[in-house]
Amino acid sequence: MAQVSGYRGEIEEKADILNRTKLDIFYVEKWSMGLDIRIVLQTVVNAVRGEGKAY
């Protein structure tokens, strides 16, 4: 969740690590096949549009 939401790469601010942690906990607590499919689809969208922090 964190990666497709833009929280990846170098940690520049305290909020970056807090948001990553929140989204990782959300994923573990709410895991479902639908959530995984949503993440895969968002990954494709991010790859096509381009992302500033994507390497």
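Our subject is the structure listed above.
Bear in mind that the values here come from a model prediction, so they are computed numbers and not experimental data.

(A) Representation of the environment of Glu 10 in the model. When you line up the elements, Glu 10 lands in the segment before α1 (14–30). Once the C-alpha coordinates of Glu 10 and Lys 22 are considered, the two residues, 12 residues apart in sequence, prove to be 17 Å apart.

(B) Inspection of the nonpolar core at higher detail. Core analysis: the largest hydrophobic core is formed by 6 residues, namely Met 1, Ala 2, Val 4, Leu 23, Leu 35 and Ile 39. Residues within four places of Ala 2 in sequence aside, it is in contact with Tyr 7, Arg 20, Leu 23 and Asp 24.

(C) Inspection of a nonpolar patch on the surface at higher detail. On the surface, Trp 31, Met 33, Ile 37 and Leu 41 cluster together to form a nonpolar patch covering roughly 450 Å² of accessible area. Following the sequence through the fold, Met 33 ends up in helix α2 (residues 33–49). Here Met 33 falls in the exposed class, since its relative accessible area comes to 54%.

(D) Spotlight on the side chain of Arg 20. With respect to the element layout, Arg 20 can be found in helix α1. It turns out Arg 20 is buried and unbridged, and the closest side chain with the opposite charge, Asp 16, is 6.2 Å from it. Separated by 3.3 Å, the side chain of Arg 20 and the backbone oxygen of Tyr 7 make a polar contact.

Cut-off values and rules
Residues numbered from 1 in each chain as written. Predicted model: local features only at pLDDT ≥ 70, side-chain atom pairs only at ≥ 80, totals over all residues. Heavy atoms only, no water. Helix = DSSP H or I, 4+ residues; strand = E, 2+ residues; numbered from the N terminus. Core = buried A, V, L, I, M, F, W, Y, C linked by side-chain atoms within 4.5 Å. Buried < 20%, exposed > 50% of the residue type's maximum accessible area, 1.4 Å probe, protein only. Contact = heavy atoms within 4.5 Å. Patch = residues over 30% accessible without salt bridge, like charges linked within 9 Å, V, L, I, M, F, W, Y side chains within 5 Å. Areas by Shrake-Rupley, 256 points an atom, 1.4 Å probe, with all protein chains shown as cover. Salt bridge = Lys/Arg side-chain N within 4 Å of Asp/Glu carboxyl O. Lys, Arg positive; Asp, Glu negative; His and termini not counted. Polar contact = N/O pair within 3.5 Å; in protein donor to acceptor, adjacent residues only side chain to side chain.

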